[in-house]
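Chain by chain, the residues:
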Amino acid sequence: MRRRALPVYAAAAFAFLHLPLLILIAFSFNGGRFTAWEGFSFRWYRAAMNDAQLTEGLVNSLIIAVSAAVLSTVIGTLAAYGIWRKTARILSGTLYLSLVTPEIVTGVSLLALFQWVFRFLHLQLGIYTVIIAHVAFSIAYVVIVISARLRNYDRTLEEAAMDLGASEWHAFSRVTLPLLAPAIAAAALLALVVSFDDYVITSLVAGVDSETLPMVIYAMARRGVSPVVNAVSALIVVAFGAIILISQRLQER
Amino acid sequence: MRRWFLMPARLWMALFFAAPLAIICAYSLLTRGDYGGVERPWTVESFTRLADPLYLAIFWRSLWIAFLATALCALLGFPLALFISRAGLRRNLYLQLVLLPFWTSFLVRTYAWLFILRDTGLINTLLTRFHLIDGPLPLLYNDGAVLLGLVYNFLPFFVLPMYATLERLDPALLEAAADLGARPFAVLWRVVIPVSAPGFVAGSVLVFIPCLGAYLTPDLLGGGKSVMLGNLVQNQFTTARDWPFGSAASLVLMLASAVILSALMRSRIARELV
């Protein structure tokens with residue numbers, strides 16, 4: 001009996017995991033304003049593109065995600081390499097802690113730090129505080145991806161390079177780094193997605209001029225029904241899916 | 001040389017992760033300022049206030065909801081992991097199917113349920129259309145909706161470690177049990193489940209910890225009614241402007257997560273898993 005029950009059960013579980021997003025995407029093409037199907041239309045996609053708040057949010061999100069991804073990839077790659085050479089317990093521990101700390105705690109603690117610093121410097125919350133926060137929580141993701149690749153990396157390659165006269169830096173930059181390139185690209189894409197998606201921490205450390213796309217979506221979702229949110233959500237789902245698939249392919253290379 | 005590789009990460013994590021937590025620790029022992037912020041004198045008042053029945057109730061409630069979400073994830077996730085581990089060549093495809101929604105935006109996934117459950121949402125519209133109900137059912141802004149959102153968002157966290165242990169399960173073990181006369185259910189109950197205990201524990205912890213600290217799901221799907229620890233922290237730092245109390249609540253939240261995590265790390269099960 002279980003032989004038949006299990007596939008049926010699995011199908012139901014997959015439906016539970018995928019239907020909500022598929023429904024959301026389907027209704028983003030709905031011609032009507034309400035949750036009843038009134039014919040196929042790109043109306044809400046056009047409305048989304050003409051919405052000043054959404055486009056401004058998108059631009060802010062892109063600036064933040066790209067900067068945070070670049071910074072955290074550089075910092076994280078160097079750190080993963082350093083940890084691979086010789087364990088760094090405190091740093092590894094801190095990185096793991098940053099992964100398991102509830103987002104809301106990370107967010108309020110960064111807010112407290114910034115407000116404390118602002119007592120001495122005449123600054124205020126803005127895009128740069130969001131970038132700082134995003135780099136702080138993205139480094140751990142980058143380190144995990146790069147470390148996984150380094151685990152299968154042959155140490156003797158670097159030793160050979162150094163025996164042949166390369167300096168430590170040259171061995172790293174000319175031998176190891178090129179071999180790590182796919183993993184680095186994968187890590188950067190992952191960091192990009194993680195940063196672009198964040199709402200909880202961002203909403204706490206963003207200033208008045210740095211509303212991100214998730215913040216705009218949150219505000220719209222809170223206000224009530226707007227099919228525009230469905231359209232934006234559908235675009236995000238598709239874009240994220242594509243980026244993550246590319247990232248996974250790169251990790252397998 | 002190696003120091004220079006580690007330096008940027010050490011600096012960034014010290015300044016923007018460790019230092020903020022240290023500030024929270026200090027703030028939890030200070031007094032609330034008149035316009036937000038903090039003042040002296042030092043006091044443990046924020047912690048004693050957390051023992052107030054009102055806040056204790058929020059604490060227990062968060063533990064209870066996180067526990068229920070974990071139990072549901074285990075119930076839903078175990079058969080799914082079992083199915084995937086036996087799917088042969090299609091394993092990777094199914095794993096991708098589990099992972100894909102997990103990698104789409106957390107906010108969008110939670111919003112999808114908002115869209116489905118609200119008064120003018122999909123379920124209520126359909127039911128009204130077919131004249132099954134007169135007014136909209138109150139599907140949103142209650143504990144059930146929060147639970148649903150949490151299970152939906154964190155199910156992959158359970159399925160993956162569960163799958164990892166089930167995948168290593170030796171099929172010969174099952175054949176042996178069957179040869180010795182065990183019925184399929186007995187094989188499941190007395191062989192598969194005991195052997196997969198490490199996956200159970202790891203998956204449960206991976207679900208329980210983010211659920212305990214959840215903020216966005218109870219906020220969007222629970223409305224103002226379903227307050228969990230994460231919402232209490234957020235509220236104290238924004239609307240209520242009581243930073244010392246919010247800091248104390250953050251520390252309790254972190255401490256609860258750390259205790260659970262370290263219990264896992266110390267157990268035999270963690271060693272088996274790694």
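Everything quoted here is computed from the prediction, not taken from an experiment.

Details of the overall build of chain A
Phase 1 of the analysis: On a plain count of helices and strands, chain A comes out with 11 helices and 0 strands.
Phase 2 of the analysis: In chain A, the succession of α and β elements from N to C terminus is α-α-α-α-α-α-α-α-α-α-α.
Phase 3 of the analysis: Each principal axis of the C-alpha distribution contributes one length, and for chain A these read about 70 × 65 × 35 Å.
Phase 4 of the analysis: Classification of the 253 residues of chain A by burial places 45% in the buried group.
Phase 5 of the analysis: Considering only residue pairs separated by 6 or more positions, chain A has 78% of its internal contacts joining residues 24 or more positions apart.

Let's talk about the overall build of chain B
Phase 1 of the analysis: Across its full length, chain B holds 14 helices and 2 strands.
Phase 2 of the analysis: Overall, chain B is about 75 × 70 × 40 Å in size when its C-alpha atoms are taken along their principal axes.
Phase 3 of the analysis: Residues classed as buried in chain B amount to 44% of the 274 residues present.
Phase 4 of the analysis: In chain B, the proportion of contacts linking residues at least 24 apart, taken out of those at least 6 apart, comes to 71%.

Remarks on unusual backbone geometry
All names here are of chain B.
Phase 1 of the analysis: Of note, the amide linkage connecting arginine 40 to proline 41 takes the cis form, showing an omega dihedral of 5°.
Phase 2 of the analysis: Of note, proline 41 is situated in the loop between β2 (38-39) and α2 (45-50).
Phase 3 of the analysis: In the Ramachandran plot, tyrosine 141 falls in the positive-phi region, its phi being about 60° despite a non-glycine side chain.
Phase 4 of the analysis: By the element assignment, tyrosine 141 lies in the loop between α6 (122-129) and α7 (143-167).
Phase 5 of the analysis: Of the residues examined, tyrosine 141 has 19 C-beta atoms within 10 Å and is grouped as partly exposed.
Phase 6 of the analysis: Even without being glycine, arginine 241 reaches a positive phi, approximately 50°.
Phase 7 of the analysis: Mapped onto the elements, arginine 241 comes out in the loop between α12 (229-237) and α13 (243-266).

Considering the interface of chain B and chain A
Phase 1 of the analysis: Contacts between the two partners involve 63 residues from chain B, matched on the other side by 66 residues from chain A.
Phase 2 of the analysis: If you list the elements that add at least two residues to the side of chain B that touches chain A, you get α1 (2-27), α3 (53-85), α4 (91-103), α5 (106-117), α6, α11 (216-222), α12 and α13 of chain B.
Phase 3 of the analysis: Here the side of chain B that touches chain A gets 17 residues from one element, more than from any other, and that element is α1(B).
Phase 4 of the analysis: Across the side of chain B that touches chain A, the residue classes tally to 48 nonpolar, 12 polar and 3 charged.

Some words on the nonpolar core
Proteins that are soluble and globular tend to have nonpolar side chains buried together.
Phase 1 of the analysis: Counting 156 residues, the largest nonpolar core has A:Ala79, A:Ile139, A:Ala187, A:Ala191, B:Ala69, B:Val151 and B:Cys211 as the members making the most contacts within it.
Phase 2 of the analysis: With 16 residues, α7(B) is the largest single contributor of residues to this core.
Phase 3 of the analysis: Residues from two domains meet in this core; each of domain 1 (1-41) and domain 2 (56-252) of chain A gives at least three.
Phase 4 of the analysis: Excluding residues within four positions of it along the chain, A:Ala79 makes contact with A:Leu91, A:Ile139, A:Val143, B:Phe5, B:Leu6 and B:Ala9.

What to know about the packing of helix α3 (residues 52-85) of chain A against α1(B)
Phase 1 of the analysis: At a closest axis distance of 8 Å, the pairing of α3(A) and α1(B) adopts a crossing angle of 130°. Taken together, the axis directions place α3(A) and α1(B) in an arrangement best described as oblique. Considering the relative orientation of α3(A) and α1(B), their crossing is left-handed. Where α3(A) approaches α1(B), its residues A:Ile75, A:Gly76, A:Leu78, A:Ala79, A:Tyr81, A:Gly82 and A:Arg85 are matched on the opposing element by B:Arg2, B:Phe5, B:Leu6, B:Pro8, B:Ala9 and B:Trp12.
Phase 2 of the analysis: Classifying every residue of the contact of α3(A) with α1(B) by side-chain character gives 9 nonpolar, 2 polar and 2 charged.

Quick notes on the domain arrangement of chain A
Residues and elements named next belong to chain A.
Phase 1 of the analysis: Taken domain by domain, chain A consists of domain 1 (1-41) and domain 2 (56-252).
Phase 2 of the analysis: A C-alpha centroid distance of 32 Å is found between domain 1 and domain 2.
Phase 3 of the analysis: Contacts between domain 1 and domain 2 engage 7 residues on the former and 6 residues on the latter.
Phase 4 of the analysis: Looking at the side of domain 1 that touches domain 2, its residues break down into 4 nonpolar, 2 polar and 1 charged.

Topic: the packing of helix α10 (residues 197-212) of chain B against α13(B)
Residues and elements named next belong to chain B.
Phase 1 of the analysis: Packing of α10 against α13 brings their axes to within 10 Å, and their N-to-C directions diverge by 170°. Classed by the angle they form, the pair α10 and α13 counts as roughly antiparallel. In contact with Val201, Val205, Phe208, Ile209 and Leu212 of α10, α13 contributes Ala256, Ser257, Ile260, Leu261 and Leu264.
Phase 2 of the analysis: Looking at the contact of α10 with α13 residue by residue, the classes come out as 9 nonpolar, 1 polar and no charged.

Description of α5(B)
Phase 1 of the analysis: Compared with the 16 Å implied by 1.5 Å per residue over 12 residues, the 17 Å span of α5(B) between its first and last C-alpha is a close match.
Phase 2 of the analysis: Residues B:Leu107, B:Val108, B:Arg109, B:Thr110, B:Tyr111, B:Ala112, B:Trp113, B:Leu114, B:Phe115, B:Ile116 and B:Leu117 constitute the buried set of α5(B).

Observations regarding the environment of A:Asn152
Phase 1 of the analysis: Looking at the element boundaries, A:Asn152 is found in the loop between α6 (127-151) and α7 (155-163).
Phase 2 of the analysis: Sequence-wise, A:Asn152 and A:Ile127 are 25 residues apart; in three dimensions their C-alpha atoms are separated by 38 Å.

Concerning the confidence of the model for chain B
Phase 1 of the analysis: Confidence in the prediction for chain B averages 87 pLDDT; 97% of positions are at 70 or higher.
Phase 2 of the analysis: Both confidence scores are given for the complex: pTM 0.89, ipTM 0.90.

Rules of the game
Residues numbered from 1 in each chain as written. Chains lettered and ligands numbered in written order. Predicted model: local features only at pLDDT ≥ 70, side-chain atom pairs only at ≥ 80, totals over all residues. Helix = DSSP H or I, 4+ residues; strand = E, 2+ residues; numbered from the N terminus. Buried ≥ 20, exposed ≤ 12 C-beta atoms within 10 Å, placed from the backbone. Contact = placed C-beta atoms within 7 Å. Nonpolar A, V, L, I, M, F, W, Y, C, P; charged D, E, K, R; others polar. Core = buried A, V, L, I, M, F, W, Y, C linked by C-beta atoms within 7 Å. Domains from an automatic or database assignment. Axes fitted to C-alpha atoms, helices over the stretch in contact; angles between N-to-C directions. Parallel < 35°, antiparallel > 145°, perpendicular 65-115°, else oblique. Left-handed = near helix turned anticlockwise from the far one by under 90°. Expected span 1.5 Å × (residues − 1). pLDDT = per-residue confidence, 0-100.

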